[in-house]
Each structure stands twice: as C-alpha cells, then as structure tokens.
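Report on the structure
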Amino acid sequence: MSETIAIIGGTGPEGRGLATRLALAGHTVIIGSRDAERGAKIAADLKASLPARDGAGDLRGGGNAGACAEATLAIVTVPYAAHAGTLEALREPLSDKLVIDAVVPVRFERGPRPVDVAAGSATEEAASLLPASTVVGAFHNLDAETLLDPDASLDADVLITGSAEGKQRTAALAEQIAGVRAVDAGPLRYSRFVEGLTILLIGINGRHRAHTGIRIAGLHQGE
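Residues numbered from 1 in each chain as written. Predicted model: local features only at pLDDT ≥ 70, side-chain atom pairs only at ≥ 80, totals over all residues. Heavy atoms only, no water.

1. What to know about the environment of V158
The condition that has to hold: Put simply, DSSP H or I for four residues or longer makes a helix, DSSP E for two residues or longer makes a strand, and each gets a number counted from the N terminus. Here a residue-residue contact requires only that any non-hydrogen atoms of the pair lie within 4.5 Å.
Residue position: V158 is located in strand β9 (residues 156-160). In this structure, the C-alpha to C-alpha distance between V158 and D96, residues 62 residues apart in sequence, is 24 Å. Every residue in contact with V158, bar those within four places of it in the chain, is listed here: A138, F139, L142, A174, V180, R181, A182 and V183.

As structure tokens, then:
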C-alpha cells in the first residue's frame, strides 16, 4: 500500500535519508520544514539526485503543517530541542494519524550525551503531546549517510515500540528499505532504551569512523 509520508523536520541528514529510501520504495514523500521554501528546495535537490527507478514515488517539500495535513502518516526527525514545540504546533494536522518518532534526546559535549526527558523518552513525550494520534518509536538506529546512498544495503534492524497496530504498519514500511528487518521491541515505555542505543552508536561511529547499526541475533524467521 502506497502512503503519503510527511517527514517533519526532514531537511536534516536523517530526514533526507528516510525520504530517499521511502520515495524509491514507491511512496509519496513530503519533506517538511519550519521554512516552507527551504523544505521545497531541499526536496527538489534531493529528487534531482535520485536514480530513475520503476515504481518510485513522488518527492516534494513544503511547510511542516501543510505536509502533515496532506499525509497519511508522519515521521518526526527534528532535533530534540525542537521536539515538544514542533509537535504541539502540529497536534491538529496529526490528529487520527500514525506518527513515527525517530528523535533522540541527545546533546554534544565532548561526544554524545543523553538529555533527561521527563516523560521517559522522546517517543513517550510525543505520545503525551499527541493524544489523538497513534505514536510509535522507530528508525532511530539507521545511519543517515547510508540511507542517503540509494544503492547501499543497510544490514540493520529497526526496533519498533508502541501499540500493536502502529507497530505492524511501521514494520511494513521499514522492511521496504533494502537490508532492513523490523523488530517488535515492545511497548512505548521501552522507547528510552532504543533511543539510548542510538547515543551509544553515535559514540561508536565517531570513535571508529564507522557507520554501524543494530542487529538482534537469535530471532526465528518471521518473528
């Protein structure tokens, strides 16, 4: 099933990387930004750089609110400092929609450090701010640079937290990215552990100049 996907704060590397892969998978992707003109420019530049592939979807950009109003689901990729304010402003256009939160509460001071979140995690914070939306956590652990290379296989698991219905739909989306396996990581309260793993990966990548991901060993096929 083809979706219309808003990437909230999609002008950064992670947002552009997810937009690349999901557009190539056949979805309509709208890169949202606080500045509609910037969103449109980034989307146009990204679209021009993508290889021509059969079945690819459309890629365009605009303001966050307009993108969310048009979308069937949204992925949040803003920096954590803008997380709460952005979602509060988008509560109405995100009502009754699936919202996939990929935000990591991290700051940088001689390396990545976690930011304390009163709700427990960025994803739980999103759920409290968007009571009329279905909020799940996913896509935190995918390397942005690898996502931006449309020919690279990620060889990574996407750990998904939230409700059963939201996780099922998110898993189907994630597994359309080459090399990705979706893993049910439990309820929303486990989101803090997934987000924490991302901070660890950032540190490992910086130390080893690598582009690592997460693989969960020992799962039976189809789990």
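2. Structural notes on the pairing of strand β2 (residues 28-33)
Keep this limit in mind: Three labels apply to residues, based on accessible area from a 1.4 Å probe with only protein chains included: buried if under 20% of the type maximum, exposed if over 50%, partly exposed otherwise in between. Strand pairing is assigned whenever DSSP identifies at least 2 bridges connecting the two strands. Handedness of a crossover: with both strands directed away from the viewer, a clockwise path from the first strand across the helix to the second marks it as right-handed.
By the criterion of burial, β2 is predominantly enclosed, with six of the six residues buried. Of the two faces of β2, the one holding T28, I30 and G32 and the one holding V29, I31 and S33 are both buried throughout. The pairing of strand β1 (residues 4-8) with β2 spans four bridges and is parallel. The residue of β2 that forms the bridge with I7 is I31. Following the chain from β1 across helix α1 (residues 13-24) to the adjacent parallel β2, one finds a crossover that is right-handed. For β2 and strand β3 (residues 59-63), the ladder comprises five bridges, and the chain directions are parallel. By the bridge assignment, I30 is partnered in β3 with R60.

3. A short note on the nonpolar core
Quick note on the threshold: Here, the term nonpolar core denotes a set of buried Ala, Val, Leu, Ile, Met, Phe, Trp, Tyr and Cys residues that are joined through side-chain atoms within 4.5 Å.
Of all hydrophobic cores here, the largest spans 33 residues; its most connected members are I75, I100, F139, L142 and I177. With four residues, the top contributor of residues to this core is α1. Residues in contact with I75, not counting those within four places in the same chain, are I5, A6, I7, I8, L18, L22, I100, A102, F139 and L173. Membership of the second largest hydrophobic core comes to 21 residues, among which are I8, A67, A122 and A126.

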